[in-house]
Amino acid sequence: MNAHVLGFPRMGVNRELKWTLEKYWRGEIQENELLSTADQLKKHHWELQSKAGMDLIAIGDFSLYDHVLDTLAMLGAIPQRFGWDGTLLDLETYFQMARGDVEQSIPAMEMTKWFDSNYHYIVPELSRHTPFKKNNGQLLADVLMAKDLGYSPKPVLVGPITFLMLAKEVDGSTRWDHLERMTTVYCDILSELAPHSAWIQIDEPILCTDIPEEARTAFPFAYAKLKAAAKGTPLLLTSYFGELDDNLDLALSLPINGLHIDMVRGPDQLTTVLSRIPPNLTLSLGLVDGRNIWKTDLEAASHTLNTARQTLATDQIMVGSSCSLLHSPVDITVEENLDPKLRDWMAFAVQKCDEIAALKQNMLESAPPRLIKENKAALEARAIHADVMDSATRNRIQALTPEMYTRTSPFAARSLVQRARFKLPLFPTTTIGSYPQTSEIRKTRLKFKKGEISESTYTTAMQSHIATVVDRQEELDLDVLVHGEPERNDMVEYFGQQLKGFCFTSNGWVQSYGSRCVKPPIIFGDVSRPEKMTVAWADHAQKLTDKPLKGMLTGPVTILCWSFVRNDIPRSEVCQQIALAIRDEVLDLESAGIGIIQIDEAALREGMPLRHNEHEHYLRWAVDCFRLTSSGVKDTTQIHSHMCYSEFNVIMKSIAEMDADVISIEASRSGMDLLEAFKAYQYPAEIGPGVYDIHSPRVPSTDEIYSLLQKALTVIPPERLWINPDCGLKTRDWPETLESLKNMVSAAKRLRKEY
Ligand code: GLN
Ligand code: ZN
């Protein structure tokens, strides 16, 4: 019985890779120093796996930027604009692909989310010119290095079909046109790796999604060739992030030696898999969650292994992580500031390896390992802990009524009373919430966090930043003002820190993309709001101006999606609890006289399940949670929501069902094209399509904004059009912010003259 993980986090416990990469990019260190740090990290991760008792060591899961980028580099699928000459790819070109080259004005390759995780991969581009030519220096070198060190290497590759499915097609080329040539390169790579590898892991998470017919045909074609190229070295096909479901028979029909299934997100598939598994196929059971931070229920997992053992021989079973541990922080033992009780409920990557080893040991040895006993005690303590189950919150959830999800009047009626109340001009101008977070703001926040300044000093400083932001907005003559969010480090963490049921790590970083990491809050218990969170800041800002000030909150779905969530109750229930807490805040803002309240749902779209047949259920509860948050207010209170993305087609119905009075969306990069979806759906309420991209310091001209607005007006009736940037301005500097907004307001004024 082999124990293994599908991959290990790359950054290092202190984010060593991040710091080294950034030094390299700044030109402070040479290539050899970067590569030597990378080698040290790899070796360290192999050693950790091995010491914990992993039989197979994942190789090639490490990356200097992203594993999909590594794969496309290895396959020689390098877009023409990077001028690759077909020889071994240099590091400079590699990073150019990831980050672009401003001096030579070569745009970077696109980046997008890896399935439904928060990790971003580089999107392969398939054009008629894509060369496909083997270029695999690093992986083979790493396998040899690991073998030299005495490990059993298990190289990890992104599978060919997943690769093709994740790629984007450019210049009219079709992904499947590339299958044959690409498979040949995969075969070359495999035949080089095979003699030195114990197993070869090929990741095909695409099998846990709805796949087209072409993919079904491509699988047997590619895998017959891969099998031949591996010359007897066993192939482990991995599926993860869900159930194989309708792709199970396809997976089982392939000429592979092992199949990995995700037993965390697809536990129910085991029975079917066991009933259909061919005689000599090894089954790898992903029992330890790679996507969350809780200790595994080792007793239940052992029970699952026992079930498998009734059908399979012991050496026909592998035990592993559900997916790569890339999505998990590194080591819980460094969390010295975390409440020890909470720490004892959690397992990060290092501890997950121990859990996998313990599961194997528990199967094979007569006396259960110590960890099994400790695990049971920790789980029992968690289950009954008073902070986990808060009866006041449970009672409120029990007492929810349908009225709590519905505004008093429909939008048409609300909009009349809101017009009378706010008397805004046609095409009202506003911003999305944050204003530049200057280094002074960050420093002040840090000093307060470290206890170097008193609360009153901090409050005064922030109030003065708010006053500046309000003044500047008045000078710009914006119509609906905001306080600027200087007190917020992050739109989720800020709320999590004030809500009961959340905790925070000091070092629980997870890679988001490249050297960027995020440190998600952890929701461990029932959520409630002990005290008002934002009212004092909003109230302070409103008192400084006669114009309406928009209160600013993060919505429940976004808070949920960007946190590690408890796994003992359904996500939808956790979301409901958060919704109630934010609803309390909405009502308090309203009572304080804040007439316009924005509830950001930046993550509504990304929370969508991978399988289409699960979308409706998700959208139902997600939208309901938003409505629960926003529906307690009077008709005269205007609810805004903001969503920063531009693919609305599939969720149009749900966006409308949120029943916000105004929504702002990202639209400038699509040149307002996305508004077609709103027209087609006859979206009833008011919309602020972003008129400029906030990701770059470029100042949009008045003309440019004006013509975007003209375009928007072909789709949206004038009385429902708002004018705002694509998103918040916190990453921008003041000079370009003022210029851009000045032009935005001018464009609005020019337009008003025509109506
Ligand atoms: N209100 C937030 C801000 O302006 C919204 C950020 C977001 O949508 N990502 O920063
Ligand atoms: Zn946004």
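What counts and how
- Residues numbered from 1 in each chain as written.
- Chains lettered and ligands numbered in written order.
- Predicted model: local features only at pLDDT ≥ 70, side-chain atom pairs only at ≥ 80, totals over all residues.
- Heavy atoms only, no water.
- Helix = DSSP H or I, 4+ residues; strand = E, 2+ residues; numbered from the N terminus.
- Rg over C-alpha atoms; globule rule 2.2 N^0.38 Å.
- Buried < 20%, exposed > 50% of the residue type's maximum accessible area, 1.4 Å probe, protein only.
- Areas by Shrake-Rupley, 256 points an atom, 1.4 Å probe, with all protein chains shown as cover.
- Lys, Arg positive; Asp, Glu negative; His and termini not counted.
- Charge placed at Lys NZ, Arg CZ, Asp CG, Glu CD.
- Core = buried A, V, L, I, M, F, W, Y, C linked by side-chain atoms within 4.5 Å.
- Contact = heavy atoms within 4.5 Å.
- 1 Å grid on protein atoms, 1.4 Å probe; cavity = no way out; pocket = protein on both sides within 12 Å on 5 of 7 lines; lining within 4 Å.
- Points joined across faces, edges and corners; volume = space filled by probe spheres on them.
- Nonpolar A, V, L, I, M, F, W, Y, C, P; charged D, E, K, R; others polar.
- Pairing = 2+ DSSP bridges.
- Axes fitted to C-alpha atoms, helices over the stretch in contact; angles between N-to-C directions.
- Donors = N, O, S within 2.8 Å, 3.2 Å for Na, K, Ca; no water.
- Tetrahedral: all angles 85-135°; square planar, octahedral: opposite > 155°, others 65-115°.
- Expected span 1.5 Å × (residues − 1).
- Near = heavy atom within 4 Å.
- Polar contact = N/O pair within 3.5 Å; in protein donor to acceptor, adjacent residues only side chain to side chain.
- Left-handed = near helix turned anticlockwise from the far one by under 90°.

> When you look at the overall build of the protein chain in this model, what are you seeing that I'm missing?
The number of helices and strands found in the protein chain is 27 helices and 22 strands. Rg of the C-alpha trace for the protein chain: 27 Å, near the compact-globule value of 27 Å for 755 residues, within the 12% margin. In the protein chain, buried positions account for 60% of the 755 residues. For the protein chain, the exposed surface amounts to about 29600 Å²; the carbon and sulfur share of it is 50%. For the protein chain, the distance from the average position of its 80 positive side-chain charges to the average position of its 101 negative side-chain charges is 2 Å.

> I'm lost on the nonpolar core in this one. Help?
When a protein is soluble and globular, its nonpolar side chains tend to lie buried together. Membership of the largest hydrophobic core comes to 128 residues, with the highest contact counts inside it found for Tyr223 and Leu285. Look past the residues within four positions of leucine 285 in its chain and what remains in contact with it is His260, Ile261, Met263, Leu270, Leu305, Ala308, Ile317, Met318, Val319 and Gly320. Residues Phe411, Leu560, Ile594 and Phe648 belong to the second largest nonpolar core, which totals 104 residues.

> Help me understand the layout of surface pockets in this model?
A probe matching the size of a water molecule, rolled over the atoms, marks out where space remains unfilled. Approximately 840 Å³ is the volume found for the second largest pocket. The set of elements that each furnish at least two residues to the lining of the second largest pocket consists of α2 (31-52), α3 (67-74), α4 (91-99), α5 (137-148) and β6 (153-158). The class makeup of the residues in the lining of the second largest pocket is 19 nonpolar, 11 polar and 9 charged.

> Please explain the sheet that holds strand β18 (residues 564-565) as it appears in this structure.
By definition, the strands of a sheet pair up through backbone hydrogen bonds, in either a parallel or an antiparallel sense. Strand order in the open sheet formed by 3 strands is β13-β16-β18, with mixed pairing between adjacent strands. Each having just a single partner strand, β13 (500-503) and β18 make up the two edges of the open sheet. Summarising the sheet, β13 and strand β16 (residues 522-528) pair through 3 bridges and their orientation is antiparallel. Bridging across to β16, lysine 500 finds its partner in serine 528. Packing of helix α22 (residues 571-591) onto the sheet brings it into contact with β16 and β18, and relative to β16 it is tilted by some 55 degrees.

> Quick question: what am I supposed to make of the coordination of the zinc ion (ligand 2) here?
Tetrahedral coordination by four donors puts the ideal angle at the metal at 109.5 degrees, and octahedral coordination by six puts it at 90 or 180 degrees. The zinc ion (ligand 2) binds to the protein through His642 (NE2), Cys644 (SG) and Cys727 (SG), with metal-donor distances spanning 2.0 to 2.4 Å. Note that the zinc ion (ligand 2) binds 4 donor atoms; their angles at the metal cover 84 to 122 degrees, and the shape is irregular. Here the donor residues of the zinc ion (ligand 2) are spaced in sequence according to H-x1-C-x82-C. Within this pair, whereas histidine 642 is found in strand β20 (residues 638-643), its partner cysteine 727 is found in the loop between α26 (702-713) and α27 (734-753), the two being separated by 85 residues in sequence. Classification of histidine 642 as buried rests on a relative accessible area of 3%. Residue cysteine 727 is classed as buried on the basis of its relative accessible area, which comes to 19%.

> What is the right way to look at α22 in this model?
Count 3.6 residues to each turn of an α-helix, and residues three or four apart come out pointing the same way. Between its terminal C-alpha atoms α22 stretches 30 Å, which fits the 30 Å expected from 21 residues at 1.5 Å a residue. Taken across its 21 residues, α22 has 16 buried, putting it largely inside the fold.

> Whenever I open this one, the environment of threonine 393 confuses me. Can you help?
Here threonine 393 shows up in helix α15 (residues 391-398). On the accessibility criterion, threonine 393 (5% relative accessible area) is buried. Separated by 112 residues in the primary sequence, threonine 393 and threonine 505 have C-alpha atoms spaced 24 Å apart. Ignoring any residue separated from it by four or fewer positions in sequence, one finds threonine 393 in contact with Asp526, Val527, Ser528 and Gln577.

> Please clarify how the pairing of β6 should be interpreted in this entry.
A regular strand places its side chains so that they alternate between the two faces of the sheet. For β6, the tally of buried residues reaches 6 of 6 residues, placing the bulk of the element in the interior. What you see with β6 is no split at all: Pro153, Pro155 and Leu157 on one side and Lys154, Val156 and Val158 on the other are buried throughout. Sheet analysis places strand β2 (residues 57-59) next to β6, joined by 3 bridges and oriented parallel. The partner of isoleucine 57 across the bridge, within β6, is proline 153. Here β6 runs beside strand β8 (residues 200-203); their pairing, made up of 3 bridges, is parallel.

> Before we go on, may I ask you to explain the site of ligand 1 in this structure?
Contacts to ligand 1 come from Ile432, Gly433, Ser434, Glu485, Met491, Met552, Asp600, Ala602, His642, Cys644, Cys727 and Gly728. Within the backbone of isoleucine 432, a nitrogen or oxygen atom sits 3.1 Å from a nitrogen atom of ligand 1. Aspartate 600 places a side-chain nitrogen or oxygen 2.7 Å from a nitrogen atom of ligand 1. Protein coverage of the free-state accessible area of ligand 1, which is 300 Å², stands at 90%.

> What exactly am I supposed to notice about the packing of helix α18 (residues 455-476) against α27 here?
Angle between the axes and distance between the axes are the two parameters that describe a pair of packed helices. Running from N to C, α18 and α27 cross one another at 35 degrees; their axes reach a closest spacing of 10 Å. In the packing of α18 onto α27, the handedness of the crossing is right-handed. Of the residues in α27, those in contact with Val469, Arg472 and Leu476 of α18 are Trp734, Leu738, Leu741, Lys742 and Val745. A class-by-class count of the residues in the contact of α18 with α27 yields 6 nonpolar, no polar and 2 charged.

> Please explain empty space enclosed by the protein as it appears in this structure.
Under the definition given, this model contains 3 cavities of 30 Å³ or more. In this model, the largest cavity occupies a volume close to 90 Å³. Along its surface, the largest cavity is lined by 13 residues, and Pro9, Met11, Trp509, Val510 and Gln511 are the ones closest to its centre. Residues that form the lining of the largest cavity fall into these classes: 7 nonpolar, 4 polar and 2 charged. There is about 40 Å³ of room inside the second largest cavity. Taken together, Phe8, Pro9, Arg10, Lys42, His45, Trp46, Ala58, Asp61 and Phe62 make up the full set of residues lining the second largest cavity. Looking at the lining of the second largest cavity element by element, the count peaks at 3 residues for α2. Grouping the amino acids of the lining of the second largest cavity by side-chain chemistry returns 5 nonpolar, 1 polar and 3 charged.

> Looking at this structure, I do not really get unusual backbone geometry. What am I missing?
Note: most peptide bonds trans; most residues except glycine with negative phi. Despite not being glycine, lysine 423 shows a phi value in the positive range, around 45 degrees. Assignment of secondary structure puts lysine 423 in the loop between α16 (411-422) and α17 (439-449). The exposed category is assigned to lysine 423, whose relative accessible area is 66%. Non-glycine residue phenylalanine 427 carries a positive phi angle of around 55 degrees. Here phenylalanine 427 shows up in the loop between α16 and α17.

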